[in-house]
Amino acid sequence: MKAKHTDFARGVPRAASSASIFFFCGPDEAGASAAANAVIAALPEGGERVELSGGELKRDPARLGDEARSGSLFGDARHILVRAVGDEAHDALKALIETGEAGGGEPAPILVVATSATDKSRTAKLLEKRGDALVAMFYPPDLASLAASVRALADAAGLRLGGDLADRIARASNLDVRLAASEVEKLALYLDASPQAPCTVSAEDYEKIGAVSEEDGFGPLVNVVMSGDLGRLAGELRRVREVGLNAVGLLLALERRAGQLAQIAGRLGPRGSIENLGRGEKAQLGIFWKEERDIRQQLARWPARKLDRLLPRLLALHQALLANSQSADLLLAQELSAIARFAAKR
């Protein structure tokens, strides 16, 4: 089965209830990951999570079936979350399906988040006509669509957002649905809101718990790294340590900018220019006046061939940070330095 990314805007689509294999792909890794988390939360028995990388499955395709048909350490249910690049999980999924059709037994639910893959990839073709599988491709949201998702999240949490608060949360989250969802959760906790006891959110409430501002948060380092500004890099890395910014949150902001550049480059084509875009088109692409100069400079630094190499590298770094939380700051600093040097090369 196939679903549209918009089907997940207000929750898990009904078709997901009959699927046990989920393949979420497309340029919006944040949206795909959020959809995977929503499906996991909706499972009747989510149980233990087993995380695998696409690289592991590419090296050992049989491992997916072994993990999916093994019992939890404590005898509970389990689900498998795979983070892959492109078609890394194809052979493993094919082997899993063939083993099941030969009487291998029912596997645990499997969710694959595949960056650099599309709904035309080999893996998507393998799954899209199956009744027990769901394929969805996710595109980076524009401000209006993410603001609508924020309102839906707020409604579900018992929050009433007045004025332009949904837009403000979407902007402060750098158009990342995961960060936006985190902001909504913090508001609900702060106001002790629930669907049974809804609360109205004021601008003052959001200012008290809101994400770190662009000036004090992730934005400056993201721009330094993506612009290849080696002269300012050491100072920005030092500021991040002093302020204590979250390494994974910073990486998410970097992933969002890389995805945004890829989307803009695709819209402009090989000879297009930001100057030719209208105000509405810029808003759809998340190009706001404070950032336009930086984005224009970064587009020149990151042609399509370099972005194709960057996106899988960011995914690998994300997995490394999650697996090595104690060394996350050091790993991040080393990799950001390497990416900045790569951006600086002409």
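Throughout what follows, the structure given in this document is the object of discussion.

Parameters at a glance
- Residues numbered from 1 in each chain as written.
- Predicted model: local features only at pLDDT ≥ 70, side-chain atom pairs only at ≥ 80, totals over all residues.
- Heavy atoms only, no water.
- Helix = DSSP H or I, 4+ residues; strand = E, 2+ residues; numbered from the N terminus.
- Rg over C-alpha atoms; globule rule 2.2 N^0.38 Å.
- Buried < 20%, exposed > 50% of the residue type's maximum accessible area, 1.4 Å probe, protein only.
- Pairing = 2+ DSSP bridges.
- Right-handed = clockwise from strand over helix to strand, strands pointing away.
- Salt bridge = Lys/Arg side-chain N within 4 Å of Asp/Glu carboxyl O.
- Core = buried A, V, L, I, M, F, W, Y, C linked by side-chain atoms within 4.5 Å.
- Contact = heavy atoms within 4.5 Å.
- Patch = residues over 30% accessible without salt bridge, like charges linked within 9 Å, V, L, I, M, F, W, Y side chains within 5 Å.
- Areas by Shrake-Rupley, 256 points an atom, 1.4 Å probe, with all protein chains shown as cover.
- Lys, Arg positive; Asp, Glu negative; His and termini not counted.
- Charge placed at Lys NZ, Arg CZ, Asp CG, Glu CD.
- Polar contact = N/O pair within 3.5 Å; in protein donor to acceptor, adjacent residues only side chain to side chain.

Considerations on the overall build of the chain
Across its full length, the chain carries 16 helices and eight strands. Computed over C-alpha atoms, the radius of gyration of the chain comes to 21 Å, within 12% of the 20 Å expected from 2.2 N^0.38 for 346 residues, which places it in the range of a compact globule. For the chain, the spread of C-alpha atoms along the principal axes amounts to about 60 × 55 × 40 Å. Looking at the chain as a whole, 49% of its 346 residues qualify as buried.

Brief notes about the pairing of strand β4 (residues 78-85)
Most of β4 is tucked away, with seven of its eight residues classed as buried. Alignment of strand β3 (residues 48-53) against β4, held across six bridges, turns out to be parallel. Paired with Val50 across the two strands is Ile80, which belongs to β4. Strand direction decides the pairing type here: β4 and strand β5 (residues 110-115), joined by six bridges, are parallel. Directly across from Arg83, in β5, lies its bridge partner Val113. In the classification by handedness, the crossover that spans β4, the intervening helix α4 (residues 90-101) and the parallel β5 is right-handed.

Re the pattern of salt bridges
In total, this model carries 21 salt bridges according to the counting rule given. Of the charged contacts, one joins Asp91 and Arg122 as a salt bridge, the two residues approaching to 3.9 Å between their closest N and O atoms. Of this pair, Asp91 sits in helix α4 while Arg122 sits in helix α5 (residues 122-127), and the two are 31 residues apart along the sequence. Arg122 gets classed as partly exposed once you look at its relative accessible area, which sits at 49%. We note a salt bridge from Lys125 to Glu128, for which the minimum N-O separation is 3.7 Å. Residue Lys125 is classed as partly exposed on the basis of its relative accessible area of 44%. Sharing partners across several salt bridges, the network here consists of Lys2, Asp119, Lys120, Lys125 and Glu128.

Quick word on the nonpolar core
The tendency in soluble globular proteins is for nonpolar side chains to be buried as a group. Core analysis: the biggest nonpolar cluster contains 38 residues, and Leu254 and Trp302 have the highest contact counts within it. Elements supplying a minimum of two residues to this core: α10 (219-227), α11 (230-243), α12 (247-268), α14 (292-301), α15 (304-323) and α16 (328-344). The element that contributes the greatest number of residues to this core is α12, accounting for nine residues. Discounting residues that sit within four places of it in the chain, Leu254 has contacts with Val222, Val225, Met226, Leu314, Leu336 and Ile339.

Observations regarding a positive patch on the surface
Together, Arg305, Arg309, Arg341 and Lys345 line one region of the surface with positive charge. For Arg341, the position within the fold is in helix α16.

Re the side chain of Asp119
Position of Asp119 among the secondary structure elements: in the loop between β5 and α5. Polar side-chain contacts of Asp119 include one of 3.5 Å to the side chain of Lys120.

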